[in-house]
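Read off the chains here:
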Protein chains: 2
Amino acid sequence: MAPSATTPAAAASNGTNGTNGATKVAAPAQLDASKLTIERTKSPRPVPSLETANSGPETICTDHMVTATWTASAGWAAPRLHPYGPISLMPTASVLHYATECFEGLKAYRGYDGKLRLFRPDRNAERMVLSSTRISLPSFPPAELEKLMISLLSVDGARWIPRSRPGTFLYLRPTMIGTQPQLGVQASSEAMLYIIATYMPVLHSPAGGMHLRTSPGNMVRAWAGGFGFAKVGANYGPSLLATADARKDGFHQILWLYGDEGLCTEAGASNFFVVWKDKETGRTQLVTAPLDDMIILNGVTRRSVIDLVKERCPELEIVERRYTIQEVGDAYEEGRLVESFAAGTAYFICPISLIHHRGKDISAPMGDGEGGEYTLKIRTWLMDIMYGRVDNDWAVVIPEEE
Amino acid sequence: MAPSATTPAAAASNGTNGTNGATKVAAPAQLDASKLTIERTKSPRPVPSLETANSGPETICTDHMVTATWTASAGWAAPRLHPYGPISLMPTASVLHYATECFEGLKAYRGYDGKLRLFRPDRNAERMVLSSTRISLPSFPPAELEKLMISLLSVDGARWIPRSRPGTFLYLRPTMIGTQPQLGVQASSEAMLYIIATYMPVLHSPAGGMHLRTSPGNMVRAWAGGFGFAKVGANYGPSLLATADARKDGFHQILWLYGDEGLCTEAGASNFFVVWKDKETGRTQLVTAPLDDMIILNGVTRRSVIDLVKERCPELEIVERRYTIQEVGDAYEEGRLVESFAAGTAYFICPISLIHHRGKDISAPMGDGEGGEYTLKIRTWLMDIMYGRVDNDWAVVIPEEE
């Protein structure tokens with residue numbers, strides 16, 4: 001309905017610089033990490049001990065954050081690295097009413113060789129664009145987000161994850177929110193991208209393995225035609241009720257089923273894997289839900305697990321397909337279930353020992369008690385890359401200020 | 001897993017005052033409007049003309065807002081009426097990542113008799129509890145929210161919607177957000193409830209009636225086991241993409257279909273009604289989707305339409321059931337489609353003249369051009385109540401400061 005074919009918002013969001021021949025409107029600016037301005041804190045905060053870093057009710061962030069604002073007409077302003085602090089929003093801001101928000105989560109690992117690394121940040125940056133455009137927030141060149149993440153770590157890395165703490169990580173949380181202060185169900189014409197670096201507890205090894213309960217019959221996490229594949233806030237808030245119920249009953253996470261047939265999708269907010277011996281062929285298979293239904297997250301850890309197994313473990317057949325909880329139960333009852341794990345950034349590679357489904361327990365073997373053989377092997381492969389025990393292109397070394 | 005059966009959070013959220021006999025923990029405080037403190041603005045802003053009230057890119061709010069904060073341990077703090085202004089949130093706040101947010105929308109009407117009225121605010125307050133608990137935010141006694149809304153209007157009503165503007169309205173937006181500054185997929189242990197009063201454009205009469213397009217095959221608004229019945233942000237952001245596409249093609253809103261059979265659910269963010277002559281009985285029916293699938297909003301306007309038709313229009317049979325777009329199309333082709341309208345607070349009673357579905361147009365009769373006979377009759381009934389032309393219990397008169 002607009003007179004020109006390309007609105008400024010559209011031009012900004014599809015990354016083109018289309019100009020209107022008749023009126024010569026300036027193209028909205030793209031996100032450009034080379035324009036980053038740096039304002040350092042004058043009052044650096046104390047770095048907590050590893051023991052206290054995650055003990056309080058608030059997430060502790062580093063001294064700085066990166067912020068970039070966007071408007072539909074002007075595009076992206078120059079990003080700023082500045083002291084960490086609160087965000088001021090009008091009560092009418094889009095994000096507070098319509099969940100116009102998305103995020104990413106990735107870790108920066110302090111290697112045993114003293115170097116700081118990000119694990120496949122290009123993947124997270126690309127997925128952030130997928131998420132932001134699904135929720136009607138602006139697009140940007142993913143490489144610019146990657147550069148901004150690296151800039152933040154360059155400034156804060158040396159102090160907040162010092163070389164004296166090899167084998168630890170910081171958590172990066174790029175976030176985008178709709179900030180237009182206007183009520184009404186419509187895309188936000190203003191947005192803010194920000195990146196913070198935080199401490200986060202190590203979650204990947206509850207003693208005895210993770211215990212899952214399948215989702216209650218009246219709760220579905222994501223559905224075909226929805227947005228389960230995107231890392232948007234709208235996938236998380238609505239899942240909290242079932243998760244809290246499960247935790248009250250002693251389970252760690254929900255195994256989200258889908259459809260009348262009970263397809264296995266995600267474990268909590270992680271991807272879900274089982275290793276079983278196939279009923280027909282007897283082959284040992286690594287099984288996980290497929291991406292093409294668009295109901296599960298295209299996890300970076302998930303992808304990396306698959307890539308590594310393909311490369312290093314030819315005896316394990318990789319199967320990305322729809323499969324039901326009934327099939328997992330059958331494998332258990334027939335002695336074909338080899339092991340199971342959740343894979344994601346927060347929980348990393350987390351052995352699963354129990355799945356409770358409608359009154360019945362499915363026990364997954366835990367090998368020597370720490371996790372199944374494949375689970376532990378995959379975890380070691382990944383940790384070796386993340387913490388620099390081996391050289392690998394997936395690990396991007398951060399140039400740090402001294 | 002907690003040692004006591006009732007956690008502070010649970011006690012606060014279910015409204016009980018359970019105490020632990022052994023430790024005598026103070027029960028978390030309930031929301032209590034009688035504790036409201038009032039801090040008036042020292043710099044009242046100019047009240048815009050009706051012409052400019054909705055002309056800018058920002059929603060104009062009145063001089064004050066009401067805020068109440070909650071923590072899982074202490075419950076609700078005393079609510080505050082204070083000058084309108086920005087909200088400060090930590091970048092880690094739950095609402096910015098996990099869409100822990102919900103809201104309500106209702107209007108305060110300046111009557112032709114000079115009085116200011118809210119329309120069935122008890123219904124909105126009750127639904128707000130439904131929404132907040134679905135998204136793992138705290139509960140509260142709905143009557144307290146109603147009192148707080150009335151308090152805000154008592155202070156700001158006389159100046160912002162003066163008696164010299166009969167037949168106009170202010171829009172109230174009670175909102176609740178999760179404010180705990182901690183990352184991690186979990187219920188927020190801190191929350192803020194706030195109420196703002198704003199100008200909003202009159203939306204209910206696009207010239208020639210509203211044009212809808214059915215939702216694209218790869219987009220679903222809400223689903224069984226989801227949260228379509230709750231007014232949570234997570235229902236809105238994900239719908240913007242399809243809506244923007246439809247608007248680009250000249251349609252006003254999406255008619256959201258559900259399931260392979262194409263069940264009619266909502267029109268944009270309003271409830272959807274058709275009037276048709278039933279194929280079997282020939283009776284004239286007012287048809288709308290049922291509530292028990294939990295995928296549509298239990299609209300206050302929807303309920304009021306049904307109640308009024310039941311009371312005043314016995315020739316119109318009320319049918320709340322699942323019905324498909326095919327049935328609507330058949331009614332059109334067979335000359336049985338009488339009219340159609342959307343019903344909600346924002347769009348009020350909005351005549352629908354066209355529904356475009358997979359390349360075919362369904363035209364709904366528009367009577368004299370302003371809307372169908374029943375549509376206009378229902379609208380008049382409601383406006384008479386809202387603007388005080390008739391006395392009715394649904395309209396709650398606001399006691400105003402002079």
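Residues numbered from 1 in each chain as written. Chains lettered and ligands numbered in written order. Predicted model: local features only at pLDDT ≥ 70, side-chain atom pairs only at ≥ 80, totals over all residues. Heavy atoms only, no water.

### Overview of the domain arrangement of chain A
All names here are of chain A.
Working step 1: What the domain assignment reports for chain A is domain 1 (33-198) and domain 2 (210-371).
Working step 2: Of note, the centres of domain 1 and domain 2, computed from C-alpha atoms alone, are 29 Å apart.
Working step 3: Opposite the 17 residues of domain 1 that make contact, domain 2 presents 18 residues.
Working step 4: Of the roughly 1500 Å² buried between domain 1 and domain 2 on both sides combined, carbon and sulfur atoms contribute 61%.
Working step 5: Looking at the side of domain 1 facing domain 2, the largest losses of area belong to Phe-103, Arg-127 and Arg-134, adding up to 37% of the total buried there.
Working step 6: Along the contact surface separating domain 1 from domain 2 lie one salt bridge. (Domains from an automatic or database assignment. Contact = heavy atoms within 4.5 Å. Buried area = accessible area lost by both parts, 1.4 Å probe. Salt bridge = Lys/Arg side-chain N within 4 Å of Asp/Glu carboxyl O.)

### Focus: the relation of the copies chain A and chain B
Working step 1: For the pair chain A and chain B, the relating rotation is 180 degrees, the translation along its axis is 0.0 Å, and the fit reaches an RMSD of 0.0 Å. What the superposition gives is, in effect, a two-fold axis relating one chain to the other.
Working step 2: Both copies share a contact surface, since 100% of the interface residues of chain A are interface residues in chain B too. (Least-squares fit on C-alpha atoms with pLDDT ≥ 70 in both.)

### So, the interface of chain A and chain B
How big an interface is tends to be stated in terms of the accessible area lost upon association of its parts.
Working step 1: The partner chain B presents 63 residues to the 63 residues of chain A that form the contact.
Working step 2: Interface area for chain A against chain B, summed over the two sides, is near 5300 Å², with a carbon-plus-sulfur share of 61%.
Working step 3: Together, A:Pro91, A:Leu96 and A:Leu240 form the three largest contributors to the area buried by chain A at its contact with chain B, with a combined 12%.
Working step 4: Viewed at the interface, chain B and chain A are joined by 30 residue pairs in polar contact (both at pLDDT 80 or more). (Polar contact = N/O pair within 3.5 Å; in protein donor to acceptor, adjacent residues only side chain to side chain.)

### A closer look at the UniProt feature "modified residue: N6-(pyridoxal phosphate)lysine" (unreviewed entry) in chain A
All names here are of chain A.
Working step 1: According to UniProt, the "modified residue: N6-(pyridoxal phosphate)lysine" (unreviewed entry) feature falls on Lys-231.
Working step 2: If you trace the backbone, Lys-231 turns up in the loop between strand E11 (210-214) and helix H5 (240-248).
Working step 3: With sequence-adjacent residues up to four places away left out, Lys-231 is seen in contact with Cys-102, Phe-103, Glu-104, Gly-105, Arg-127, Ser-131, Tyr-236 and Leu-297. (UniProt positions renumbered as here; feature names shortened; annotations may be inferred. Helix = DSSP H or I, 4+ residues; strand = E, 2+ residues; numbered from the N terminus.)

### A look at unusual backbone geometry
Working step 1: Unlike most non-glycine residues, A:Ala99 shows phi in positive territory, near 55 degrees.
Working step 2: Under the relative-accessibility criterion, A:Ala99 is labelled buried at 0%. (Buried < 20%, exposed > 50% of the residue type's maximum accessible area, 1.4 Å probe, protein only.)

### Overview of helix H5 (residues 240-248) of chain B
Residues and elements named next belong to chain B.
Working step 1: For H5, the complete set of buried residues consists of Leu-240, Ala-242, Thr-243 and Ala-246. The buried residues of H5 occupy one face: seen down the axis, they fall within an arc of 165 degrees.
Working step 2: Taken together, the buried residues of H5 touch strand E11 (210-214) and strand E12 (253-258).
Working step 3: Gly-250 occupies a position one or two residues after H5 and carries a positive phi of about 90 degrees. (Arc of directions from axis to C-beta.)

### Considering the pairing of strand E19 (residues 360-363) of chain A
The two faces of a sheet get side chains in turn, since along a regular strand they alternate between them.
Residues and elements named next belong to chain A.
Working step 1: Direction of pairing for strand E18 (residues 348-357) relative to E19: antiparallel, over a ladder of four bridges. Bridged to Ile-355 within E19 is Ile-362.
Working step 2: The hairpin turn running from E18 into E19, its antiparallel successor, is two residues long, and Arg-358 in that turn takes a positive phi close to 45 degrees. (Pairing = 2+ DSSP bridges.)

### Notes on the packing of helix H6 (residues 300-312) of chain A against helix H8 (residues 373-386) of chain A
Residues and elements named next belong to chain A.
Working step 1: Relative to each other, H6 and H8 sit at 105 degrees, their axes nearing to 10 Å. Taken together, the axis directions place H6 and H8 in an arrangement best described as roughly perpendicular. Here Thr-301, Ser-304, Val-305, Leu-308, Val-309 and Arg-312 of H6 come into contact with H8, specifically with Ile-378, Trp-381, Leu-382 and Ile-385.
Working step 2: Here the residues of the contact of H6 with H8 sort into seven nonpolar, two polar and one charged. (Axes fitted to C-alpha atoms, helices over the stretch in contact; angles between N-to-C directions. Parallel < 35°, antiparallel > 145°, perpendicular 65-115°, else oblique. Nonpolar A, V, L, I, M, F, W, Y, C, P; charged D, E, K, R; others polar.)

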